[in-house]
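What follows is each chain in one-letter form.
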Amino acid sequence: MVDVHLIGITKRFGRVVAVDDLYLDVEDGEFIVLLGPSGCGKTTTLRIIAGLEKPDKGRILFGERDVTRLPPRERNISMVFQSYAVWPHMKVFDNIAFPLKIKKYPPEEIKNRVRWAAELLQIEDLLDRYPAQLSGGQRQRVAVARAIVVEPDVLLMDEPLSNLDALLRVKMRSELKKLQQRIGVTTIYVTHDQVEAMTMGDRIAVMNAGKIMQVGTPEEVYNKPANLFVAGFIGSPQMNFIDARIVETDKGYVAETETFTIRLPEKYKELLRPLRNEKVILGIRPEHIYLEPRKHTTLAAIRGRIDFVERLGSDNVLHIDTGGKIIIAKTSGNYAYKVGQEVEVYLDLDKLHVFKQDGEAVF
Ligand code: ATP
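Here we summarise the structure given alongside this text. What you see is a predicted model, and the numbers here were worked out from it, not measured in a lab. (Residues numbered from 1 in each chain as written. Predicted model: local features only at pLDDT ≥ 70, side-chain atom pairs only at ≥ 80, totals over all residues. Heavy atoms only, no water.)

## Some words on the site of the ligand
Part 1: Surrounding the ligand, one finds Phe13, Val16, Ala18, Pro37, Ser38, Gly39, Cys40, Gly41, Lys42, Thr43, Thr44 and Glu159.
Part 2: Between threonine 43 and the ligand, the recorded distance is 2.7 Å, taken from a side-chain N or O atom to an oxygen atom.
Part 3: Compared with its free state, where it exposes 640 Å², the ligand has 58% of that area covered by protein.
Part 4: Those elements that place two or more of their residues in the shell around the ligand are strand S2 (16-26) and helix H1 (42-50).
Part 5: Counting residues per element, the shell around the ligand draws most heavily on H1, which supplies three residues.
Part 6: Grouping the constituent residues of the shell around the ligand by class yields five nonpolar, five polar and two charged. (Near = heavy atom within 4 Å. Polar contact = N/O pair within 3.5 Å; in protein donor to acceptor, adjacent residues only side chain to side chain. Areas by Shrake-Rupley, 256 points an atom, 1.4 Å probe, with all protein chains shown as cover. Helix = DSSP H or I, 4+ residues; strand = E, 2+ residues; numbered from the N terminus. Nonpolar A, V, L, I, M, F, W, Y, C, P; charged D, E, K, R; others polar.)

See the structure below:
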């Protein structure tokens with residue numbers, strides 16, 4: 001096991017800058033997720049770490065070892081892809097044993113290691129079958145077993161669960177995470193699915209356009225997004241963004257939007273002072289907008305009318321018209337709100353975010 005360092009990695013394909021001066025430190029034994037929209041450079045970054053792609057600039061360190069110029073086989077990494085990539089003509093045992101045979105392990109050790117990996121993935125009973133006789137989920141387990149059987153320094157996974165159905169994906173999510181915790185292998189995992197990232201990652205590196213926008217624990221990227229991109233990418237339904245202007249009044253700072261004005265808590269005073277008369281973007285998550293007042297919470301009440309209701313059973317997602325601007329609120333599914341109903345909407349100001357025009361978070 002090893003720590004991994006990406007130092008100023010850049011990769012271009014013609015005019016496309018797929019990875020743009022990227023820095024990332026992954027701790028020994030850590031499970032880090034590269035999360036971002038399609039085309040943001042996640043797979044390219046992973047392939048560079050694997051040695052399948054050469055960076056135009058920058059260095060890759062595994063611990064103290066500079067692996068930038070080493071071919072994949074000399075990096076002691078394993079990779080699991082979205083497509084199961086198991087060999088159809090080989091039985092499960094031989095599929096898992098394959099990397100060990102290439103490395104010329106003695107037959108007895110091969111047997112022991114295959115058994116160890118198969119037990120971890122709970123596929124001991126399938127060792128005699130061909131891939132065609134397996135379900136998609138079982139095939140992916142074989143692929144993971146084959147990846148861990150060599151006890152790699154670094155395990156690289158590129159959307160390994162995307163081909164599975166929704167239920168199996170949820171199950172495999174926790175299984176993969178537990179497996180990684182058990183064997184403690186440094187893992188870099190690519191996905192565009194924020195729920196997967198939040199549930200599996202020790203830390204998440206949120207990427208956009210070849211750059212890392214923020215690296216943090218799931219709690220950090222959710223509670224303290226560093227910029228508008230991360231704020232909008234993490235969380236479902238998406239955070240509400242409302243254009244506003246910060247104005248100083250004799251009662252403190254207020255945020256004036258097109259449709260309502262809210263008084264901002266005293267505790268933000270120092271942060272707001274430099275933004276006097278500036279345009280900003282207010283951010284508030286749907287789950288931090290309430291339809292009933294709460295105690296011990298700093299709230300701003302505004303008037304609205306229910307425009308649309310998405311009933312999800314456990315929750316209702318309400319589209320609320322606040323005089324031309326629709327804001328989204330998530331409430332418990334217990335109460336049946338009706339379209340057209342006039343409501344009082346409470347914004348939880350302790351959970352409010354303010355972003356500058358360039359997207360940087362103020363708080
Ligand atoms: P996805 O989630 O869709 O797989 P990604 O975040 O993994 O996307 P990459 O596959 O790393 O993104 O691609 C980053 C950018 O580099 C994209 O614009 C892509 O079109 C481009 N790109 C990737 N590989 C090549 C290649 N071999 N030749 C040319 N352009 C490429």
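## Regarding the nonpolar core
One recurring pattern in soluble globular proteins is that nonpolar side chains are buried together.
Part 1: If you look at the biggest cluster of nonpolar residues, it comprises 45 residues, and the most contacted ones within it are Ile96, Leu121, Ile123, Leu176 and Tyr189.
Part 2: Here this core gets six residues from one element, more than from any other, and that element is helix H4 (residues 136-148).
Part 3: If near-sequence neighbours (up to four positions away) are discounted, tyrosine 189 is found in contact with Phe31, Ile32, Val33, Leu34, Met157, Pro160, Leu161, Leu176, Glu196 and Met200.
Part 4: By size, the runner-up hydrophobic cluster in this structure holds 33 residues, among which are Ala255, Ile289, Tyr337 and Val362. (Core = buried A, V, L, I, M, F, W, Y, C linked by side-chain atoms within 4.5 Å. Buried < 20%, exposed > 50% of the residue type's maximum accessible area, 1.4 Å probe, protein only. Contact = heavy atoms within 4.5 Å.)

## Some words on the layout of surface pockets
Part 1: Roughly 600 Å³ of volume is contained in the largest pocket.
Part 2: Considering the residues around the largest pocket, the lining is formed by 21 residues, among which Pro72, Ile77, Ser78, Met79 and Pro99 are closest to the centre.
Part 3: A per-element tally of the lining of the largest pocket places strand S6 (residues 77-80) first, with four residues.
Part 4: Class assignment for the residues of the lining of the largest pocket results in 16 nonpolar, two polar and three charged. (1 Å grid on protein atoms, 1.4 Å probe; cavity = no way out; pocket = protein on both sides within 12 Å on 5 of 7 lines; lining within 4 Å. Points joined across faces, edges and corners; volume = space filled by probe spheres on them.)

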